[in-house]
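Below are the chains, spelled out letter by letter.
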Amino acid sequence: MRITAVEVFHVTYGLKDREYAWSGGHAVTSFLSNVVKVSTDGGLAGFAEVCPLGSAYMDAYAAGVATGVRELAPVLLGHDPTRIRTINDVMDSAMGGHLYVKAPIDIACWDILGQATGVPVATLLGGRRVEDFPLYRAISQQSPRGMADAVAKYRGEGYRRFQLKVGADPDEDVARILACKQVLAPGDVLVADANTGWRPHDAIRLVNAVAGEDVYIEQPCPTLEECLVIREHTRLPFVLDEVITGVVPFLRAWQARAMDVVNIKISRVGGLTKAKQLRDLCEAVGVVMTIEDSWGGDVTTASIAHLAGSTRPEFLFTSTDFNSYVDLEIAPDAPRRQAGRLAVPAAPGLGIHVDEARLGDPVVRVC
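Below: a short report on this structure.

Take the sheet that holds strand 13 (residues 288–292) next. The strand order 7-8-9-10-11-12-13-14 describes an open sheet built from eight strands, whose pairing is parallel. The open sheet terminates on both sides in strands that have one partner only, identified here as strand 7 (136–139) and strand 14 (316–319). Strand-to-strand twist across the sheet, computed as the mean angle between neighbouring axes with direction ignored, equals 25 degrees. Note: strand 12 (residues 261–265) against strand 13, five bridges, orientation parallel. Bridged to Lys-265 within strand 13 is Glu-292. Packing against the sheet, helix 5 (residues 144–156) makes contact with strand 7 and strand 8 (161–165), and its axis sits at approximately 155 degrees to strand 8.

This is the structure:
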C-alpha cells in the first residue's frame, strides 16, 4: 500500500456555550479546525483532526497546519502508511519540530492500519481495556457564581469531574473554587487549571488559601521550575499539562517529583505514536493521566477515545469529549457521551465515517 494523496480541509466550529475563556484574558467564540485525509492506492483513506486552542495557546496555530502539511506531504507520497514508525522517521527527518503538523498524518495512518487489519485503533494501541470511560467538563472562566452554575448544569448531564479555568486574580480564583465546591457531591473531582496563568507568589497564596479543600492544582505557572516552587508549598495533588510536550520533558518532571497527574494532548506530542510512548511510560512509572487534545470535534474525540480506551483504567484520571462543546457534526457515527462517559469505537480504524460533503473543498491537496 502506498500514500497517493494528502488533503487538508478547514472546518469552523462555533461553541454551544458561545465563549470559552481561560487565563491571561484569553477567550474564543469559534475554532478553525484542520481535518486531514490521507489516501492510498489500495482504496483506503484515513482521517485525523488538529484544532489548536486559538493562536495564543502553546506552539501551534490553526493556519500553520495547512502550511506545514503542504511542505511535508510531498516526502510522504509513495510510502506505506501502515509502517507508522517509518512515516514518523520520514516526517522528523524532513521537518524539525512542528509536532502539531505531523500529528494528523500520524493519526490518519493509524486509521488506515486499523482498516487494513480489520481492528479498531484501540486494539493496535495495546488492546481495549474498557468499553467506556469517565469524562471531565471544562468550565469556562467567569464569575464564581457563573462557574458554580455551570458545574451544577453539567453535573445534571452526568459529568462528575470538572476542570475550572482559573489563573486570574488569586482572590477571585479562591472564590471560584469554593463556590464550585458547594455544588459538588462526594466522589466528584475538581481541578483548578491555571493554564500557566499565575505568578509564583500568587499561586502560593492560592494553594495556601485552599489547603483544606479536595481540589487538584493544574499547571499554575509557565515553567517546570516555577511549578516546582508551588509544588513545595502544597500537599494538594498536582497536575502538569503545558510543560509535558514529550518523553524527555516528562522524565525531567518525573525525576523532580513534580506532579501526580500529567495531561497528554495527542496533537501536542506529535500524534498517537508518540502519545502511546508517553502513555506506556506513565503506566510503567505509576503516573496517572488525563488523555485529550487541545480542541476539536468528532475526529479528535474518536482519536482520544481509542487512546483512553486502551489505557489501564487505574491510570486514566479523566478525558473529555470535544464534540459535545461544538456546534458542527462531521462524523455522524462518532462516539458521543452518555451520562458523563464516552464509549470506545468498535469498528476498524478510528471506527467513524467522515461525511466529506460537510468538509467542503480542500485548502491543500498534495498528490
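The discussion continues.
Among the residues of helix 7 (residues 200–209), Asp-202, Ala-203, Ile-204, Leu-206 and Val-207 are the ones counted as buried. Looking at the buried side of helix 7, the elements it contacts are helix 6 (170–181), strand 10 (216–218) and helix 8 (224–232).

The next subject is the environment of Thr-67. The topology assignment puts Thr-67 in helix 1 (residues 62–72). For Thr-67 and Ser-310, which are 243 residues apart along the polypeptide, the C-alpha to C-alpha distance reads 32 Å.

Let us look at the packing of aromatic side chains. Counted under the stated rule, the structure contains eight aromatic pairs. The interplanar angle of 15 degrees and the centroid separation of 4.6 Å between the aromatic rings of Phe-31 and Trp-295 together place this pair among those described as stacked. You can see Phe-31 sitting in strand 4 (residues 30–40) and its partner Trp-295 sitting in the loop between strand 13 and helix 12 (298–309), a full 264 residues away along the chain. Looking at Phe-31, the relative accessible area reads 2%, which means it is buried. On the basis of an interplanar angle of 70 degrees and a centroid distance of 5.1 Å, the ring pair of Trp-295 and Tyr-325 is categorised as edge-to-face. Residue Trp-295 is found in the loop between strand 13 and helix 12, and its partner Tyr-325 is found in the loop between strand 14 and strand 15 (341–343); the two are separated by 30 residues along the sequence. Taken as a pair, Trp-295 and Tyr-325 share a single burial class, namely buried. Seen from the ring of Tyr-325, Arg-137 lies directly overhead, with NZ or CZ sitting 3.7 Å from the centre.

Axis separation between helix 2 (residues 84–94) and helix 3 (residues 99–117) bottoms out at 10 Å; the angle between their running directions is 165 degrees. In terms of axis orientation, helix 2 runs roughly antiparallel to helix 3. For the pair helix 2 and helix 3, the crossing hand works out as right-handed. Facing helix 2, whose interface residues are Ile-84, Ile-87, Asn-88, Met-91 and Asp-92, helix 3 presents Lys-102, Ile-105, Asp-106, Cys-109, Trp-110 and Leu-113.

Take the nonpolar core next. Ranked by size, the top nonpolar core spans 123 residues in total, and within it Phe-133, Leu-164, Leu-240, Val-262 and Trp-295 carry the most contacts. Top element by residues in this core is helix 3. It accounts for ten residues. Once residues within four sequence positions are removed from consideration, Leu-240 is found in contact with Gln-219, Leu-224, Cys-227, Ala-253, Ala-258, Met-259, Val-261, Val-262 and Asn-263. Grouped together as the second largest cluster of nonpolar side chains are five residues, Val-189, Val-191, Val-239 and Phe-317 included.

Attention now moves to the side chain of Asp-241. Relative to the helices and strands, Asp-241 is located in the loop between strand 11 (238–240) and helix 9 (247–255). For Asp-241, a relative accessible area of 1% corresponds to the buried category. Within the structure, Asp-241 has its side chain in polar contact with the side chain of Arg-268 (distance 2.8 Å). Setting aside anything within four residues of it in sequence, one finds Asp-241 in contact with Tyr-57, Glu-218, Gln-219, Asn-263, Lys-265 and Arg-268.

Across the sheet, which stays open at both edges, the four strands sit in the order 5-4-1-16 with antiparallel pairing between neighbours. Edge strands, defined here as strands with exactly one partner in the open sheet, are strand 5 (45–50) and strand 16 (364–366). Here the strands of the sheet are splayed against their neighbours by 15 degrees on average, with no regard to which way each runs. Strand direction decides the pairing type here: strand 4 and strand 5, joined by six bridges, are antiparallel. Directly across from Lys-37, in strand 5, lies its bridge partner Phe-47. Contacts from helix 3 reach strand 4 and strand 5 within the one sheet, and its direction differs from that of strand 5 by about 145 degrees. The strands touched by helix 12 within the sheet are strand 1 (3–14) and strand 5, with strand 5 carrying the most contacts at an inclination of about 100 degrees.

Cut-offs applied
Residues numbered from 1 in each chain as written. Predicted model: local features only at pLDDT ≥ 70, side-chain atom pairs only at ≥ 80, totals over all residues. Heavy atoms only, no water. Pairing = 2+ DSSP bridges. Helix = DSSP H or I, 4+ residues; strand = E, 2+ residues; numbered from the N terminus. Axes fitted to C-alpha atoms, helices over the stretch in contact; angles between N-to-C directions. Contact = heavy atoms within 4.5 Å. Buried < 20%, exposed > 50% of the residue type's maximum accessible area, 1.4 Å probe, protein only. Phe/Tyr/Trp six-rings, centres within 6.5 Å; stacked < 30°, edge-to-face > 60°. Lys NZ or Arg CZ within 6 Å of the ring centre and 35° of its normal. Parallel < 35°, antiparallel > 145°, perpendicular 65-115°, else oblique. Left-handed = near helix turned anticlockwise from the far one by under 90°. Core = buried A, V, L, I, M, F, W, Y, C linked by side-chain atoms within 4.5 Å. Polar contact = N/O pair within 3.5 Å; in protein donor to acceptor, adjacent residues only side chain to side chain.

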